[in-house]
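Examination of the molecular architecture
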Amino acid sequence: MPASILEEVHDLLEVAPKRRRAARPDCPSRGSVHIAEVLGDSGGIPYVCTACGHSWS
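Positions within a chain are numbered from 1, following the residues in the order the chain's sequence is written. pLDDT decides what is reported in this predicted model: residues at 70 or higher carry local features, side-chain atom pairs at 80 or more are listed and counted, and totals for whole chains, interfaces and linings draw on all residues regardless. Excluded from the side-chain calculation are hydrogens and water; included are all heavy atoms of the structure.

The subject of this paragraph is the overall build of the chain. Looking only at helices and strands, the chain features one helix and three strands. Reading the chain from its N terminus to its C terminus gives the helix and strand order α-β-β-β. Within the span of the chain, comprising 57 residues, buried residues form 11% of the whole. At a minimum sequence separation of 6, the contacts of the chain that also span at least 24 residues come to 13%. Total accessible area on the chain stands at roughly 4900 Å², and carbon and sulfur atoms take up 56% of it. Going along the chain from the N terminus, every DSSP run of H or I of four or more residues is numbered as a helix, and every run of E of two or more is numbered as a strand. Relative accessibility thresholds used throughout: buried, under 20% of the residue-type maximum; exposed, over 50%; partly exposed, between the two (1.4 Å probe, protein chains only). Should any heavy atoms of two residues lie within 4.5 Å, those residues are counted as being in contact. To be clear on the numbers: accessible area is Shrake-Rupley with a 1.4 Å probe, and residue cover counts the displayed protein chains and nothing else.

Within the element layout of this structure, Ser32 appears in the loop between helix H1 (5–15) and strand S1 (35–37). Beyond its immediate chain neighbours, meaning those up to four positions away, Ser32 contacts Pro25, Asp26, Cys27, Cys49 and Ala51.

We now examine the sheet that holds strand S2 (residues 47–49). A pair of strands is treated as paired once DSSP finds two or more bridges between them. Reading across from one edge, S1-S2-S3 is the order of the three strands in this open sheet, with antiparallel pairing throughout. Both edges of this open sheet fall to S1 and strand S3 (55–56), since each of them pairs with a single strand only. Alignment of S2 against S3, held across two bridges, turns out to be antiparallel. Bridge pairing links Val48 to Ser55 in S3.

Exposure above 30% relative accessible area and the lack of any salt bridge qualify a residue for a patch; like charges then connect within 9 Å, and the nonpolar side chains Val, Leu, Ile, Met, Phe, Trp and Tyr within 5 Å. Think of a salt bridge as a Lys or Arg side-chain nitrogen and an Asp or Glu carboxyl oxygen that are within 4 Å of each other. A cluster of nonpolar side chains, contributed by Ile5, Leu6, Val9 and Leu13, occupies part of the molecular surface with about 430 Å² of accessible area. Turning to its location among the elements, Leu13 is positioned in helix H1.

For this text, the term disulfide refers to a pair of cysteine sulfurs within 2.5 Å. Scanning the entire structure with this criterion turns up zero disulfides. With no disulfide of its own, Cys27 has Cys52 as its nearest cysteine by sulfur position, at a separation of 3.8 Å. There is no disulfide at Cys49, and the cysteine sulfur nearest it, in Cys52, is 3.7 Å away.

This paragraph deals with the environment of Ser57. Within the secondary structure, Ser57 is located in the segment after S3. You can call Ser57 exposed: its relative accessible area is 68%. Leave out the neighbours within four places in its chain, and Ser57 touches Ile45 and Pro46.

Mean pLDDT over the chain works out to 77, with 75% of the residues at or above the 70 mark. Predicted confidence in the chain is weakest over H1, with a mean pLDDT of 73, and strongest over S2, with 91. The pLDDT value tells you how sure the predictor is about a given residue, anywhere from 0 up to 100.

Next comes the structure, spelled out in structure tokens:
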């Protein structure tokens, strides 16, 4: 049993599955991860950065 809650969290993070990079796009303008998918019919998946307003697909 871990001696502290910090040890417990550290142990859990080591065995937790790592999040895939492709599942979370970054804003190409600012690098922010605050991204929203926008409804559209352009054939691609349009995104907008909620931090700076930059949009791309």
